[in-house]
Amino acid sequence: MGGLTRVERVKVVCPYCSAGCIMSILSSNGRYAGVEYLKGGVNDGALCPKSNDFSFLNSPRRLRKPLKRTESGFKEIEWGEALDLICGRIKDVVASHGPDALAFLLSVKMFNEEAYAWQKLVRLLGTNNLDHECRRMCQFPTLKAGSETMGVGYLTATFEDVAGSEVVLLWGLNAAETFPILMGKYVMRAKENGAKIIVVDPVKTRTAWQANIYVQVRPGTDLVLANSIMNVLITENLYNRRFVEEMVEGFDNVVEIVKDYTPEEASKICGVPAGTIREVAYTLARAEKGSILWSASAVQTWLSTNLCRALYTLAALLGWYGREGCCVGGLKGQNNVDGVIDMGIHPALLPGRVPVSNDDYRKSLASRWGVEDLPKNPGKNIIKLYESIDAGRVRFLYVLGANPAASEANSSYVEEHLRKLDFLVVQDIFLTETARLADIVLPAAAWAEKSGSFTSVERRVQWSFKALEPPGEARSDLEVAVELAKRLGLGDKLPYSTPEEVLREVNGVVKSYGGVTPDRLKESVEGLFIPCPSPDHPGTRLLCVGRFNTPSGKFRARTARYEEPPIKPGPEYPYILVTVRVIGSWHTASMTNNAEYLRERWRGPTALINAVEAAKLGIKDGSKAKIVTGTGELTVTFHVTDKVRRDTIALTWHWGANRLTNHEFKDPDTGVPCVKYVPCRVEVPGGRHG
Ligand SMILES: Nc1nc2c(c(=O)[nH]1)N[C@H]1C(S)=C(S)[C@@H](COP(=O)(O)OP(=O)(O)OC[C@H]3O[C@@H](n4cnc5c(=O)[nH]c(N)nc54)[C@H](O)[C@@H]3O)O[C@H]1N2
Ligand SMILES: Nc1nc2c(c(=O)[nH]1)N[C@H]1C(S)=C(S)[C@@H](COP(=O)(O)OP(=O)(O)OC[C@H]3O[C@@H](n4cnc5c(=O)[nH]c(N)nc54)[C@H](O)[C@@H]3O)O[C@H]1N2
Ligand code: SF4
Ligand SMILES: [Mo]
């Protein structure tokens, strides 16, 4: 007879979106046994469907042992052999092709401490070829436009400021599915207090249901709409003249560009009635304080960076910076995007977001790490990874906690290139599409099986405690970095046995984390908001107060003229495919599809089609048909609705959508591909096309 099993409760930070919710994991004999709410933090006890079912942690499909590719498939091997094989390859490649023939695609799911250790290892190997999927596929335009205009790439304030806004403008952000806590606890609180909610989205999403003004823009034409709103603010003298005179440079340039975008002209391109454009402008202008938020949709078209510049500039015309009740910026999606960039997982930025080209900073970091210098050229080979593989400049790729074979545009193109590598290592918790192509697969411990800190999109750093034992022989990403360093003769440079030791080093290296000590983090349920430069510093909730982080201290206003897309719908591909998310699934579904309840409730791929078009094609609600693009095809279940425009098909991307997307069609400023705009047609079994 077994006695009562002891259940322990341990505080963790959610591993999915960047809201940074906290909760307790229940463990029984080191195994996951459920979740319980925890008071405090950003969510104060609330949970969303994903955080209600972490049963992927117990999945029998978790990786438990290192795997080696053989002619007859994968074979289990010992850790020592796997690490020796990897290090042998690294040494060979460096000896015959130089360190820039190595490339590292690292995870935004890592703790700050793991991220710091990994970038240190990579840079000590002599290359800046390190990156993460969120930069390649997601937030690069936001970061770039933020740095150019405000001098920082962070969100300017906190969710509490969103709740205090008089207007919340959600630009293509479907927060009800993608940031449920932001929507449920903060946007709705603003609305209850009388704020106006404006949603710009070609699809009438669950977020749009809550809007006072819903703007059904034609996909990809947002820049026209943003310019037109600014046109109304300027021509009708509704902008914040005092703020613009005192705090903004480059205003004249904006006036010159937006003057052509009258609501009537803009309407012809973006499909939004002129009256609605004026109504949006007047609503924004009436508010003293407000928030403008976006996320992936604004940054995955051919004008992404220009749209981000325009949205930051729109907020400047309204004076919505540096004050409580104002929060502006692109919401980075994954749980630790800001943190891993702060730690230096970036081909052009060192820890602390300092450019690798800054000689003084780089050399002082090098001397702290006990070497003369660090590589000073940005990691070009990783920015153009697949071209570099084609040219033989990248021979070895280490993919840690990313699934590019499913998450990057044009899966067959990505797969073809991953196969061309001399050597591919994948470190993950599951045997993903990418792992299946690897020479060596390493089993990683998941976040709840280790400890460390994450930095949420609010810049809130929080400690997540170890709640469970990893399955089989899975090891933490930090342990693997330390073990590799030992075998590569760099053991003295990564002498860490705990994440706390790494964080103490970070406290001395990254200025804005100077006061984010392990002790303070562990004591505080609310976490610490960076910048927090010293141990007695309370943390910083509002940025851009009184001055921007630019040489003159002023905001640098920018927008651009709209350009037609190089690829458009036409007779062969008449619809615009946009790829979207749903609340119960996460990206390539490696985790959520291995969670029992989530898998049952959220299955795909599913797509929304307008009822008029569905009738023309003979598609019934719930029936299957094929979506075909220039790159591939996918059979999906269609839902017939009036929530999408007639020219648009909205497809969940979690289940294979990147077979349909195009890697060549991208934002020229950053190279982020246009996964939100793909010309497509629909083929119905038994005949009709359209
Ligand atoms: N449940 C869940 N939550 C997530 C994620 C997840 O995978 N699952 N991922 C996280 C990550 S990494 C990110 S980056 C965020 C993304 O968060 P969101 O940007 O909110 O997510 P998406 O569903 O990709 O896109 C949002 C909306 O953009 C609209 N859209 C498409 N094209 C256009 C356009 O041209 N203009 C405008 N204005 N809107 C357009 C779509 O119709 C869709 O409703 O979500 C994060 N949260
Ligand atoms: N068509 C289309 N494509 C898109 C998008 C879109 O909207 N449409 N959105 C893009 C966006 S915004 C993003 S951010 C990217 C995301 O792209 P990815 O980051 O490549 O996608 P994920 O599925 O989140 O991959 C994370 C991997 O980490 C593993 N993992 C989880 N925890 C750990 C850990 O602790 N250690 C290790 N080693 N591994 C771990 C998971 O099992 C998973 O395989 O996708 C992009 N792709
Ligand atoms: S809202 Fe985001 S951080 Fe919060 S529980 Fe859901 S997925 Fe996790
Ligand atoms: Mo993202």
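Residues numbered from 1 in each chain as written. Chains lettered and ligands numbered in written order. Predicted model: local features only at pLDDT ≥ 70, side-chain atom pairs only at ≥ 80, totals over all residues. Heavy atoms only, no water.

Attention shifts here to the overall build of the protein. Of regular secondary structure, the protein possesses 24 helices and 28 strands. Its C-alpha atoms give the protein principal-axis dimensions of roughly 70 × 65 × 60 Å. Every one of the 690 residues in the protein was classed for burial, and the buried ones make up 63%. Pairs at least 24 residues apart make up 73% of the contacts formed inside the protein by residues separated by at least 6 positions. Approximately 25000 Å² of the protein is accessible, and the part contributed by carbon and sulfur atoms is 48%. Taking the average location of the 85 positive side-chain charges in the protein and that of its 79 negative ones, the two points are 2 Å from each other. (Helix = DSSP H or I, 4+ residues; strand = E, 2+ residues; numbered from the N terminus. Buried < 20%, exposed > 50% of the residue type's maximum accessible area, 1.4 Å probe, protein only. Contact = heavy atoms within 4.5 Å. Areas by Shrake-Rupley, 256 points an atom, 1.4 Å probe, with all protein chains shown as cover. Lys, Arg positive; Asp, Glu negative; His and termini not counted. Charge placed at Lys NZ, Arg CZ, Asp CG, Glu CD.)

A few words now on helix α15 (residues 359-368). Counting along an α-helix, one turn takes 3.6 residues, and residues three or four places apart therefore face a common direction. Within α15 the residues assigned to the buried category are Arg362, Leu365 and Ala366. For α15, the arc enclosing every buried residue in end-on projection is 100°, short of the 170-degree limit, so these residues lie on one face. Those residues of α15 that are exposed and angled more than 90 degrees off the buried face are Asp360, Ser367 and Arg368. The inward-facing, buried residues of α15 contact β14 (349-350) and α21 (499-509). Looking one or two places after α15, you find Gly370, whose phi comes out positive at around 80°. (Arc of directions from axis to C-beta.)

The next subject is empty space enclosed by the protein. A water-sized probe, rolled over the atoms, reveals where empty space remains. Within this structure, the stated rule accounts for 1 cavity of 30 Å³ or more. Approximately 70 Å³ is the volume attributed to the largest cavity. What lines the largest cavity is simply Cys14, Tyr16, Cys17, Ala19, Cys21, Cys48, Lys50, Ser51, Pro180 and Ile181. In terms of residue class, the lining of the largest cavity is built from 8 nonpolar, 1 polar and 1 charged. (1 Å grid on protein atoms, 1.4 Å probe; cavity = no way out; pocket = protein on both sides within 12 Å on 5 of 7 lines; lining within 4 Å. Points joined across faces, edges and corners; volume = space filled by probe spheres on them. Nonpolar A, V, L, I, M, F, W, Y, C, P; charged D, E, K, R; others polar.)

Pairs can form between side chains of opposite charge once their charged atoms are near each other. Inspection of the entire model under this criterion finds 49 salt bridges. The closest approach of N and O atoms between Asp44 and Lys39, which form a salt bridge, is 3.7 Å. Two residues, Glu613 and Lys616, come together in a salt bridge whose shortest N-O distance is 3.1 Å. Of this pair, Glu613 and Lys616 both sit in helix α24 (residues 611-617), 3 residues apart, which is roughly one turn of that helix. A relative accessible area of 5% means that Glu613 is categorised as buried. Each member of the salt-bridge network shares a partner with another, and the members are Lys144, Glu148, Arg309, Arg558 and Asp669. (Salt bridge = Lys/Arg side-chain N within 4 Å of Asp/Glu carboxyl O.)

On to the layout of surface pockets. The space that makes up the second largest pocket amounts to roughly 860 Å³. In this structure, the second largest pocket is lined by 32 residues; those nearest its centre are Gly151, Val152, Gly153, Arg353 and Asn549. Here the lining of the second largest pocket takes 4 residues from helix α3 (residues 133-149), the largest share from any one element. Considering only residue class, the lining of the second largest pocket consists of 19 nonpolar, 8 polar and 5 charged.

Bringing the site of ligand 3 into the picture now. Around ligand 3, the structure places Cys14, Tyr16, Cys17, Ala19, Gly20, Cys21, Cys48, Lys50, Ser51, Pro180 and Ile181. The cavity that encloses ligand 3 is the largest cavity. Considering only residue class, the shell around ligand 3 consists of 8 nonpolar, 2 polar and 1 charged. (Near = heavy atom within 4 Å. Sits in = over half its atoms within 2 Å of the grid points.)

With that settled, the discussion passes to the pairing of strand β5 (residues 73-76). With 4 bridges joining them, strand β4 (residues 67-70) and β5 adopt antiparallel strand pairing. For Leu67, the partnering residue across the bridge sits in β5 and is Glu76. Here β4 folds back onto β5, and the loop between the two strands holds 2 residues. (Pairing = 2+ DSSP bridges.)

When you tally the buried positions in strand β27 (residues 648-652), you get 5 out of 5 residues, the bulk of the element. As defined by bridge partners, strand β23 (residues 575-580) adjoins β27 across 5 bridges and the pair is classed as parallel. Counterpart to Val580 in the pairing with β27 is Thr652.

As a structural note, the neighbourhood of ligand 1 is formed by 35 residues, with Asp201, Gly220, Asp222, Arg581 and Ser585 the closest of them. At 2.9 Å from an oxygen atom of ligand 1 is found a side-chain nitrogen or oxygen belonging to Lys676. Against a free-state accessible area of 920 Å², the protein chains account for coverage of 99% of ligand 1. Elements supplying a minimum of two residues to the shell around ligand 1: α3, α5 (175-178) and β23. (Polar contact = N/O pair within 3.5 Å; in protein donor to acceptor, adjacent residues only side chain to side chain.)

Pairing between sheet strands relies on hydrogen bonds along the backbone, with the strands arranged either parallel or antiparallel. Across the sheet, 3 strands lie side by side as β1-β2-β3; this open sheet has antiparallel pairing. Looking at which strands have only one partner, the edges of the open sheet turn out to be β1 (7-13) and β3 (31-36). On average, each strand axis in the sheet is inclined to that of its neighbour by 35°, with strand direction left out of account. Pairing of β1 with strand β2 (residues 22-28) involves 7 bridges; the strand directions are antiparallel. Residue Val12 lies in a different strand from β2, and its bridge partner there is Met23. (Axes fitted to C-alpha atoms, helices over the stretch in contact; angles between N-to-C directions.)

Taken as a whole, this structure holds 26 aromatic pairs when the rule is applied. For the ring pair Tyr16 and Trp586, a centre distance of 5.4 Å and an interplane angle of 55° mean the geometry is tilted. Placement of the pair is Tyr16 in the loop between β1 and β2 and Trp586 in the loop between β23 and α23 (596-601), with a sequence separation of 570 residues. For the pair shown, Tyr16 and Trp586 are each scored as buried. Seen in terms of ring centroids, Tyr321 and Phe548 are 5.2 Å apart; in terms of plane orientation they differ by 80°. Their pairing is edge-to-face. With Tyr321 in the loop between α13 (304-318) and β13 (327-330) and Phe548 in the loop between β21 (528-529) and β22 (555-556), this pair connects stretches of sequence that are 227 residues apart. Residue class for Tyr321 comes out buried when judged on its relative accessible area of 3%. (Phe/Tyr/Trp six-rings, centres within 6.5 Å; stacked < 30°, edge-to-face > 60°.)

Turning our eyes to something else, we now look at the packing of helix α8 (residues 222-235) against helix α12 (residues 274-286). The packing of two helices is summarised by the inter-axis angle and the distance between the axes. Contact pair α8 / α12: the axes reach a minimum separation of 9 Å and the direction vectors enclose 60°. Taken together, the axis directions place α8 and α12 in an arrangement best described as oblique. α12 is crossed by α8, and the crossing has right-handed handedness. Contacts from Leu225, Ser228, Ile229, Val232 and Leu233 of α8 reach α12 at Ile277, Arg278, Val280, Ala281, Tyr282, Leu284 and Ala285. Its residues assigned to classes, the contact of α8 with α12 comprises 10 nonpolar, 1 polar and 1 charged. (Parallel < 35°, antiparallel > 145°, perpendicular 65-115°, else oblique. Left-handed = near helix turned anticlockwise from the far one by under 90°.)

Looking now at the sheet that holds strand β19 (residues 452-455). Spatially, β19-β20-β21 is the arrangement adopted by the 3 strands of the open sheet, whose pairing is antiparallel. Lying at the two open borders of the sheet, with one neighbouring strand each, are β19 and β21. Bridge analysis of β19 against strand β20 (residues 460-464) gives 4 bridges, and the strand direction is antiparallel. Residue Thr455 lies in a different strand from β20, and its bridge partner there is Val461.

This is a description of form; function is not addressed.
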